[in-house]
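The residues making up each chain are set out below.
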Amino acid sequence: MNAALGAQQAESGGTTGLGRVMEPGVIDVSHGPILYLEDVTVQFDGFRALNNLTLSIDHGELRCVIGPNGAGKTTMMDVITGKTGPRNANVSGRVFLGQSIDLMRMTEPKIAQTGIGRKFQKPTVFEQHEVWENLELATKGDKRWFTSLRARLGAQGHRRIEETLALTGLEDEAYRPAGLLSHGQKQRLEIGMLLMQQPQLLLLDEPVAGMTDEETMQLAKLLNSLRGTCSMMVVEHDMEFVAALAGDAGKVTVLAEGSVLAEGTLDAVKREERVIESYLGR
Ligand SMILES: Nc1ncnc2c1ncn2[C@@H]1O[C@H](COP(=O)(O)OP(=O)(O)OP(=O)(O)O)[C@@H](O)[C@H]1O
Ligand SMILES: [Mg+2]
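Residues numbered from 1 in each chain as written. Chains lettered and ligands numbered in written order. Predicted model: local features only at pLDDT ≥ 70, side-chain atom pairs only at ≥ 80, totals over all residues.

Structural notes on the sheet that holds strand 4 (residues 90–97)
- Strand order across the open sheet formed by four strands is 2-1-4-5, with antiparallel pairing between neighbours. Looking at which strands have only one partner, the edges of the open sheet turn out to be strand 2 (47–58) and strand 5 (101–102).
- Against the sheet, helix 2 (residues 73–80) touches strand 1 (33–44), strand 2 and strand 4, its axis set at about 65° to strand 2. (Pairing = 2+ DSSP bridges. Helix = DSSP H or I, 4+ residues; strand = E, 2+ residues; numbered from the N terminus. Contact = placed C-beta atoms within 7 Å. Axes fitted to C-alpha atoms, helices over the stretch in contact; angles between N-to-C directions.)

A look at the site of ligand 1
- Close to ligand 1 lie F44, A49, G67, N69, G70, A71, G72, K73, T74 and T75.
- Looking at which element gives the most residues to the shell around ligand 1, the answer is helix 2, with three residues.
- Residue composition of the shell around ligand 1, by class: three nonpolar, six polar and one charged. (Near = placed C-beta within 6 Å. Nonpolar A, V, L, I, M, F, W, Y, C, P; charged D, E, K, R; others polar.)

A few points about the nonpolar core
- If you look at the biggest cluster of nonpolar residues, it comprises 69 residues, and the most contacted ones within it are I80, V234, L245 and V254.
- The element contributing the most residues to this core is helix 6 (residues 183–196), with six residues.
- Lining this core are residues from two domains, each supplying at least three of them: domain 1 (28–125 + 181–280) and domain 2 (126–180). (Core = buried A, V, L, I, M, F, W, Y, C linked by C-beta atoms within 7 Å. Buried ≥ 20, exposed ≤ 12 C-beta atoms within 10 Å, placed from the backbone. Domains from an automatic or database assignment.)

Overview of the pairing of strand 7 (residues 201–205)
- Burial of strand 7 is extensive: five of the five residues sit out of reach of the surface.
- Alternating positions in strand 7 separate into two faces, L201, L203 and D205 on one and L202 and L204 on the other, with burial throughout.
- With four bridges connecting them, strand 6 (residues 116–119) and strand 7 associate as parallel partners. Each bridged residue has a counterpart across the sheet, and for R118 the counterpart in strand 7 is L203.

Focus on the environment of D238
- Structurally, the position occupied by D238 is in the loop between strand 8 (231–235) and helix 8 (239–246).
- Accessibility expressed as a C-beta count within 10 Å gives 18 for D238, which makes it partly exposed.
- Remark: the alpha-carbon pair of D238 and I66, spanning 172 residues in sequence, is separated by 8.9 Å.
- Residues contacting D238, with those up to four places away along its chain left out, are V208 and T216.

Re the packing of helix 7 (residues 213–225) against helix 8
- Two elements in contact, helix 7 and helix 8, have axes whose closest approach is 9 Å; the angle formed by their N-to-C orientations is 25°. Relative to helix 8, the element helix 7 is oriented roughly parallel. Relative to helix 8, helix 7 is oriented so that their crossing is right-handed. Along its contact with helix 7, which presents T216, M217, A220, L223 and N224, the element helix 8 presents F241, A244 and L245.
- When the residues that make up the contact of helix 7 with helix 8 are grouped by side-chain class, the tally is six nonpolar, two polar and no charged. (Parallel < 35°, antiparallel > 145°, perpendicular 65-115°, else oblique. Left-handed = near helix turned anticlockwise from the far one by under 90°.)

Quick word on unusual backbone geometry
- Located in the positive-phi region is D45, a residue other than glycine, with phi close to 50°.
- In this structure, D45 sits in the loop between strand 1 and strand 2.
- One non-glycine residue, Q198, adopts positive backbone phi at about 50°.
- With respect to the helices and strands, Q198 occurs in the loop between helix 6 and strand 7.

A few points about helix 2
- Among the eight residues that make up helix 2, seven are buried, leaving the element largely enclosed by the rest of the structure.
- Among all positions of helix 2, only K73, T75, M76, M77, D78, V79 and I80 are buried.
- One or two residues past the end of helix 2 sits G82, with phi positive at roughly 80°.

Regarding the sheet that holds strand 3 (residues 62–66)
- A sheet is described by the order of its strands in space; here six strands give the open sequence 6-7-8-3-9-10, paired in mixed fashion. The sheet terminates laterally at strand 6 and strand 10 (259–264), the two strands that pair on one side only. Direction aside, neighbouring strands of the sheet carry axes that sit 20° apart on average.
- By the bridge criterion, five bridges tie strand 7 to strand 8 in an arrangement that is parallel. Within strand 8, the position partnered with L204 by the bridge is V234.
- Helix 8 rests against strand 3, strand 8 and strand 9 (252–256) of the sheet, and its axis sits at about 155° to strand 3.
- Packing of helix 10 (residues 273–280) onto the sheet brings it into contact with strand 3, strand 9 and strand 10, and relative to strand 10 it is tilted by some 120°.

Comments concerning the environment of L103
- Positionally, L103 belongs in the loop between strand 5 and helix 3 (108–112).
- Looking at L103, the number of C-beta atoms within 10 Å reads 21, which means it is buried.
- Distance in space between the C-alpha atoms of L103 and I80 is 6.9 Å, their sequence separation being 23 residues.
- Excluding anything up to four places from it in sequence, L103 contacts I80, G82, V95, F96, L97 and I111.

Laid out in C-alpha cells, this is it:
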C-alpha cells in the first residue's frame, strides 16, 4: 500500500491489519482488491446485460474499461453503486468493496456513504453557483468539514477547497458561476466535487465524451495525478485517453456481451484477435 492511501485510512481511524476488527466505514483492502465482482449476472426481460462477470480492481489501481456499445459497462457501474440491485432487477452474483462490504445487500444511498464516488457522463454542477460554492456544497452533510450546527466551513475545509481548485486547474474560475465554464471545466469541477467527499473508489463513465483534444489530455493529467489518493475505474471509448491513463504497464479490461473478453496491457489486448473482431475492428 502506498503512503498516501495508508495515511487516508489512518485519518479515518481504521486499520486494515489482519485479524483485527474492522471499524464501520473502513474498507478492508488487506487482501489487495478494493472492488471484487464475482459471477455477476443482470437480466432485463431475459436479456443478459451482464453475464457471469468476474472482475477485480486492486487498491490504488487506475483501471480502464473499454468495450463495444451495449457491452454492459454502464450496467456494471449501476450494480456497483446499487442503482441496479436485487431490489429492483434480476441480479445475481457477488459484489464486494474490499474484503467485507457486501454491496449487493446495500441500498444506493448507503453505498454512496461507503466511499464510492460516481461520475456520470453529463456534468451535473450547480450552474447558478460559483465554482467555489459548488465545491463547498459538495461537502454538505459531511460533518468533517463543518465546525458548527450552522454548518460554517472550517479552516480545514477551506484548505481542502483550495487544494481541489489547484488539482482541477480551476483556480482562476473560483468565483465564476459554474454555468459559464466550458464543458471540460465543468467535468473537472464535478470530479472536484466528488473529491471533496474523499472517495476511496471513483467510477467514471465516459468522462471525455464531448471534450476537445486539449480538454481530454487535461483530464488524463488530472486523473493520473489522483493516483495514490483513490482507486479509479474509468470507462471510455477514446483510445488516446485510455493510452494516457494506462501507460505501458496499466491493466485494461475489455468487456463484451456482459463478460470480460480480455484483460492485460493496452498493447496486449489490442493485439488479441477477439478484441479486434468485437470492438476495434468496427
Ligand atoms: N434498464 C434497462 N432495461 C433494459 N435493458 C437495459 C437496461 N439497461 C441496460 N440495458 C441493456 O443492457 C445492455 C448493456 O447496456 P449498457 O448501457 O450497460 O452498455 P454500455 O457498455 O454502457 O454501452 P455504451 O458504450 O453504449 O455506453 C444494452 O443492450 C442495453 O440496451
Ligand atoms: Mg454506457
